[in-house]
Amino acid sequence: MATIEECRAALGTLSDSLRRAEGDVRAAAAMDRSVSCHVTDLGVTFAGRLTGGRIEVHETLEGPPRERAQVRLAMKGDDLLALVDGELHFARAWGSGRVKLEAGLRDLLHLRKLL
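Thresholds, definitions, all that
- Per-chain numbering applies: the sequence of each chain, read as written, is numbered from 1 onward.
- Whole-chain, interface and lining totals are the exception, using all residues; otherwise, since this is a predicted model, local features are given only for residues with pLDDT of at least 70 and side-chain atom pairs are given and counted only at 80 or more.
- Side-chain metrics in this entry use all non-hydrogen atoms of the structure; hydrogen atoms and water are not considered.
- Numbering of helices and strands starts at the N terminus; helices are DSSP runs of H or I of at least 4 residues and strands are runs of E of at least 2.
- As a reference, a globule follows 2.2 Å times the number of residues to the power 0.38, and the radius of gyration itself is taken over C-alpha atoms.
- In this description, contact between two residues means that some pair of their heavy atoms is separated by no more than 4.5 Å.
- Computed with the Shrake-Rupley method and a 1.4 Å probe, the accessible areas treat only the protein chains shown as cover for residues.
- By the counting rule applied here, Lys and Arg register as positive and Asp and Glu as negative, while His and the ends of each chain are not counted.
- Charge positions come from single atoms, namely NZ of Lys, CZ of Arg, CG of Asp or CD of Glu.
- Relative accessibility under 20% of the residue-type maximum defines a buried residue, over 50% an exposed one, and the middle range a partly exposed one, all with a 1.4 Å probe and only protein chains included.
- Here, any two strands with at least 2 DSSP bridges between them count as paired.
- Among the buried residues, those of types Ala, Val, Leu, Ile, Met, Phe, Trp, Tyr and Cys that are joined through side-chain atoms within 4.5 Å form a nonpolar core.

Looking at an unreviewed UniProt entry, one finds the chain named Sterol-binding protein and attributed to Streptomyces prasinus.

A. Geometry of the overall build of the chain. Scanning the chain from terminus to terminus reveals 5 helices and 5 strands. Reading the secondary structure of the chain in the N-to-C direction produces α-α-β-β-β-β-α-α-β-α. For the chain, the C-alpha radius of gyration of 13 Å lies close to 13 Å, the compact-globule estimate for 115 residues. Put simply, 58% of the contacts in the chain that link residues at least 6 apart link residues at least 24 apart. Carbon and sulfur atoms form 50% of the exposed surface of the chain, whose accessible area is close to 6,700 Å². Where the 17 positive side-chain charges of the chain centre and where its 17 negative ones centre are 7 Å apart.

B. View of helix H3 (residues 77–85). Among the residues of H3, Gly-77, Asp-79, Leu-80, Leu-81, Ala-82 and Leu-83 are the ones counted as buried. Where H3 is buried, its residues contact helix H1 (4–20), strand S1 (33–39), strand S4 (71–75), helix H4 (90–96) and strand S5 (99–103). Note on H3: the residue one or two positions beyond its end, Gly-86, has a positive phi of about 80°.

C. Structural detail: the pairing of strand S3 (residues 54–62). Two elements, strand S2 (residues 44–51) and S3, share 8 bridges in a ladder whose sense is antiparallel. Counted as the bridge partner of Ala-47 is Glu-59 from S3.

D. How the structure looks around the nonpolar core. Ranked by internal contacts, the top residues of the largest apolar core, which has 28 residues, are Val-39, Phe-46 and Leu-80. Those elements that place two or more of their residues in this core are H1, S1, S2, S3, S4, H3, H4 and S5. Excluding anything up to four places from it in sequence, Phe-46 contacts Ile-4, Cys-7, Arg-8, Leu-11, Val-35, Ser-36, Cys-37, Val-39, Val-57, Glu-59 and Thr-60.

E. Looking closely at the environment of Arg-8. Take Arg-8: it is sitting in helix H1. Sequence separation between Arg-8 and Ala-69 is 61 residues, and the spatial gap between their C-alpha atoms is 18 Å. In this view, Arg-8 contacts Phe-46 and Val-57; residues no more than four positions away in its chain are not counted.

This is the structure we're talking about:
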């Protein structure tokens with residue numbers, strides 16, 4: 001089972017990848033939105049912002065998100081690590097319910113370029 005530290009590091013790796021992206025992916029990553037990632041099996045939520053092509057985690061909270069972020073993810077820690085490592089395809093994980101993504105329709109249209 002993934003640890004909180006491994007999940008936090010995975011979000012850092014994802015952030016670094018977004019910053020280096022080009023084209024449509026770079027444009028989608030340039031959104032400015034509040035974001036939360038709830039790691040269900042660890043009972044922790046990383047909350048922050050997607051801004052300037054990076055994910056900036058501002059706080060780590062016990063339990064589910066306290067405030068409704070504009071972009072909300074929920075998954076197990078092992079799935080987060082597998083997604084970032086390229087071992088798990090986002091669309092398949094989302095379609096099967098392993099990963100939950102909630103956002104407004106306009107944001108989802110932008111985010112599909114990242115996924």
